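Here's the letter readout for the chains.
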Amino acid sequence: MSKQKLWIPLSSIVRRALRLTQRVPISSAARTQPILASFSPSNSENCGLFPSRGFDFLGSSKLSGRCSLSTQSAEKVVDAKCWNCNAEAEAAPFLVCRSCRCIQPVDQSVDYFRIFGLEKKYDIEDDNLERKYKDWQKKLHPDLVHSKSEREREYAAEQSARVIDAFRTLNKPLSRAIYILKLEGVDVDEEETISEPDLLAEIMEIREAVEEAADSQALKQLQSQMQEKLEHWSNLFAIAFRNRNFGDARKSIRRMTYYERVNEEIVKKL
Amino acid sequence: MAEPAYTVASDSETTGEEKSSSTFAEIAIGIDIGTSQCSIAVWNGSQVELLKNTRNQKLMRSYVTFKDGVPSGGVSSQLLHEHEMLSGAAIFNMKRLIGRVDTDPVVHASKSLPFLVQTLDIGVRPFIAALVNNVWRSTSPEEVLAIFLVELKAMAEVQLKRPIRNVVLTIPVSFSRFQLTRIERACAMAGLHVLRLMPEPTAVALLYAQQQQQTAHDNMGSGSEKIALIFNMGAGYCDVAVTATAGGVSQIKALAGSAVGGEDLLQNMMHHLLPDAESLFLDRGINEIKSMGLLRVATQDAIHKLSFQHSVQIDVDLGTGSKISKVVDRGEFEDVNRKVFEKCESLITQCLHDAKVQIEDVGDVILVGGCSNIPKIKNLVLNVCKRDELYKGMNPLEAAVCGAALEGAVASGLSDPFGNLDLLTIQATPLAIGIRADGNNFVPIIPRNTTMPARRELLFTTVHDNQTQALIFVYEGEGKTVEENHLLGYFKITGITPAPKGVPEINVCMDIDASNALRVFAGVLQPGSHLPAIPFMEVRMPTVDDGHGWCAEALHRAHGSSLDLVTVQKKI
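Model, not experiment: these values are computed from the prediction. Position numbers for residues count from 1 along each chain, tracking the sequence in the order it is written. Going through the entries in the order they are written, you letter the chains from A and number the ligands from 1. For this predicted model, a pLDDT threshold of at least 70 governs which residues receive local features, and a threshold of 80 or more governs which side-chain atom pairs are given and counted, while totals over whole chains, interfaces and linings are taken from all residues. Note that the side-chain values use all heavy atoms of the structure and ignore hydrogens as well as water.

Tell me about the nonpolar core, and name the residues and values.
In a soluble, globular protein the nonpolar side chains are often hidden away together inside. We define a nonpolar core as any set of buried Ala, Val, Leu, Ile, Met, Phe, Trp, Tyr and Cys residues linked to one another through side-chain atoms lying within 4.5 Å. Exposed residues in this analysis have more than 50% of their type's maximum accessible area, buried residues have under 20%, and partly exposed residues fall in between, with area computed by a 1.4 Å probe over protein chains only. In terms of nonpolar packing, the biggest core is built from 57 residues, with Ile-115, Phe-116, Leu-181 and Phe-237 of chain A touching the most fellow members. Counting only elements with at least two residues in this core, the list comes to α3 (112-115), α4 (129-140), α5 (150-171), α6 (173-183), α7 (197-212), α8 (216-242) and α9 (246-269) of chain A together with β19 (424-426) of chain B. Broken down by element, the residue count for this core peaks at nine residues, all from α8 of chain A. When residues are assigned to domains, this core turns out to be shared by domain 1 (11-183) and domain 2 (197-269) of chain A, each giving three or more. Contact between two residues is taken to exist if any of their heavy atoms lie within 4.5 Å; hydrogens are not considered. Leaving out residues up to four positions away in the same chain, Phe-116 of chain A has contacts with Leu-129, Lys-132, Tyr-133, Trp-136, Val-163, Ala-166, Phe-167 and Leu-170 of chain A. Secondary structure is summarised from DSSP: a helix means a run of H or I of at least four residues, a strand means a run of E of at least two, and numbering begins at the N terminus for each. Domain delimitation in this document rests on an assignment produced automatically or drawn from a domain database.

In structure tokens, the structure reads:
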């Protein structure tokens, strides 16, 4: 098998570790705090080993308690109050106070779909995602709060980073699929060894084709093939997810992950 | 001798620690320091206004003349004649020299400038000097830039009737982080605080975002997303950006840049006119410098004329017995500079590819910078972009400084009742940042064109059995091997539990925050768990100073490959 430079992000391991910690009942949360504190679990890009922006490494225990990714009900947020002017939160998601325009601390219970006011489903039909993303950045971006208090600048850095992650995650079918499953408490092990014989055989075949592709024409053809396969499995995922058939959903993700990797390889060669 | 006109601040002032603690009561001004020309602009409460010097110029030549030890810059001093700038006493093209070592080809190309650029070709900063009273007086690009900035600052303070401290400066896309620290250092020497260093085409993108928003307001529409390609070529650098704009927000999709510019066109032409120039001017006596100056002025003049006419007659007496009398046409000029133009084309292609944007999806093509008048540049941009016309509505020489002034106002927390400052640039990293691993390879951790702020990480492992230490070399650039990239710094991690090679897990994480500060974290994971085994390291970069090429070599000599790392392979 040819050597490839594809790496494991620690975040995927962190996620696995988290699955364990999430089973810990809330009452014992205090005991697990030091561990939890070192992993901000929600975020696949903002990994946990190192302190997140603006937080003191050891003092970040303020994260715990509401760091669970589970499907907390949305309505809870309405109790929230602005830390600055004490005004009641008018609308969810409560990222910015309407009355004083102050940026609020990150609330991990607000999932990525709700950030963009989307229904929690896989096949989002929203061409406006990028627009909404930019609208948020216009309210949250750290560049815009230079003259504000250090506290608000910290919130801006975190909120804006989270919105970037949310956008990136939802914008691509594969990452969206993995994320939505995670919200259901189903973790996808991206490093899992493939055991399905038919997929293994297909992998070998495609791999050979990519390696032997003579020119960019051939590569582009392979690329559109991968695109088709991705769409096909994306549709299958949507069906499986709707039927809450998580086994099939994971199978689709495995396929999509693989075709996506081939795509990356092709782009590198192009 | 008079006291130097600048105050030398300590290096700590440039580290950015202080950025958060300063107050932002004043409106930051925008400065575009070009290789050849420079301008300064400020938000005046309703729009951006370019400041003029006492000679009513909005664009000032970027140079500093040393006379009797008292330096004076292009902002205030009146040159009696263009040739005076070429007497050896004037230093210019600072932007091409700053933060570069004497092995850099750009520094070598600068040796044809009519002052002293001496290289020893060992990877240290070049020796730069101006001729004062027949003595070569040494200086540095930072010092020259600082003197120039002091004059700009003084000029702005007189006109705005307030002290100036905060500035937004435009910089080339291809500048390394080390070069950025040198710019910050020059600003600190001039008593200026850098609020933001903005890649030039992203400043143009911000101006474009504002113009688009105004158009949308006028049409009462919501203003859908528009993609623009910005091509900016000045005397020293060529930059390209692809930006997606909607509602006053400009998201930088991709950046590409290189140190090619009008200076290269000029040098290639000079070489074409006088092929043995190098050997003729080797001595650098007063006469040689004068000849070089004369040739430079004549060639520059010819290139300008070729933008409007098809051929030009060049007559120049170099004084040393050699005369040049030649007719040059546009085709010849384009032929001599074919490589430069090819590089420009490849930058556009690369930027579009990185942005994952098809040329058909680009709404506007914007051409700015000092080279935008050159017909060949115009044609190649239109050609590659498959367009018949370029975006109108921007002054190509003022777009960058206007964008910088807008950013200055936005970053200072100003708002405008008409929404003219309802703007934001979402920046992307112009260069990849990574570490040395897998032998001598550069392994990017934050790839180029990643949205900022950004945080990424990768896992590495040891190459030797029972290896307990590893060296982390942090590089910035695009090259496959580390030698092709800029070294930003290095540090050692210890405490790896002895184990067969490939078993220990070392996590390297890079973080670029909102103020573009880079922090590198590295830690060893406990075997079987995912917690740090020992306290991890956090290092602010860049940490290396001049002569950084040496450090890597010296470390390699001392340690060989004993402290190397490899990337962890992903299973398929």
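Provide a residue-level description of unusual backbone geometry, including the pertinent values.
All names here are of chain B. Omega for the bond connecting Met-452 with Pro-453 falls within 30 degrees of zero, at -5°, which places this linkage in the cis form. Checked against the element boundaries, Pro-453 lands in the loop between β21 (441-446) and β22 (454-462). Looking along the chain, the bond that leaves Met-541 and enters Pro-542 is cis, with omega of 0°. A positive phi angle is found at Asn-93, which is not glycine, with a value near 60°. Following the sequence through the fold, Asn-93 ends up in the loop between β7 (90-92) and α1 (94-97). Phi is positive for Asp-121, which is not a glycine, with a value near 55°. Tracing the backbone through its elements, the reader meets Asp-121 in the loop between β8 (116-118) and β9 (127-132).

Run through the packing of aromatic side chains, naming residues and quoting values.
Residue and element names in this part refer to chain A. Stacked, tilted and edge-to-face pairs are distinguished by plane angle, under 30 degrees for stacked and over 60 for edge-to-face with tilted covering the rest, among Phe, Tyr and Trp rings (Trp via its six-membered ring) whose centres lie within 6.5 Å. All told, the structure shown has 13 aromatic pairs over all chains when counted by the stated rule. Pairing Tyr-133 with Phe-167 gives two aromatic rings, centres 4.3 Å apart and planes at 10°, and the pair type is stacked. Of the two residues, Tyr-133 is situated in helix α4 and Phe-167 in helix α5; the sequence distance between them amounts to 34 residues. Exposure class is identical for Tyr-133 and Phe-167. Each is buried. Ring geometry for Phe-237 versus Phe-241: centroids 5.9 Å apart, planes at 15°, classification stacked. Here Phe-237 pairs with Phe-241, and both are found in helix α8, just four residues apart, close to one helical turn. For the pair Phe-237 and Phe-241, a shared accessibility class is recorded, and that class is buried. Taken together, the ring pairs in this structure connect Tyr-122, Phe-237, Phe-241 and Phe-246 into an aromatic cluster. Lying across the ring of Trp-136, Lys-139 places its NZ or CZ 5.3 Å from the centre. The criterion for a charge sitting over a ring is simple: Lys NZ or Arg CZ within 6 Å of the ring centre, and within 35 degrees of the ring normal.

Describe in detail the sheet that holds strand β27 (residues 537-541) of chain B, supporting the description with residues and values.
All names here are of chain B. DSSP bridges decide pairing: two strands pair if at least two such bridges lie between them. The strand order β27-β26-β25-β22-β28 describes an open sheet built from five strands, whose pairing is antiparallel. Only two strands of the sheet have a single partner each, and these edge strands are β27 and β28 (565-567). Sheet twist, expressed as the mean angle between neighbouring strand axes with direction ignored, is 30°. The pairing of strand β26 (residues 518-525) with β27 spans five bridges and is classified as antiparallel. Pairing of Val-520 across the sheet is with Val-539, part of β27. To get an axis, a line is fitted to the C-alpha atoms, and for a helix only the part in contact is used. The angle between two axes follows their N-to-C directions and goes from 0 to 180 degrees.

Requested: an account of the environment of Leu-382 of chain B, with residues and values cited.
Residues and elements named next belong to chain B. Turning to its location among the elements, Leu-382 is positioned in helix α11 (residues 375-384). When the C-alpha positions of Leu-382 and Val-365 are compared, they lie 8.0 Å apart, and in sequence the two are 17 residues distant. Apart from residues lying up to four places away in sequence, Leu-382 is in contact with Arg-387, Asp-388, Glu-389 and Leu-390.

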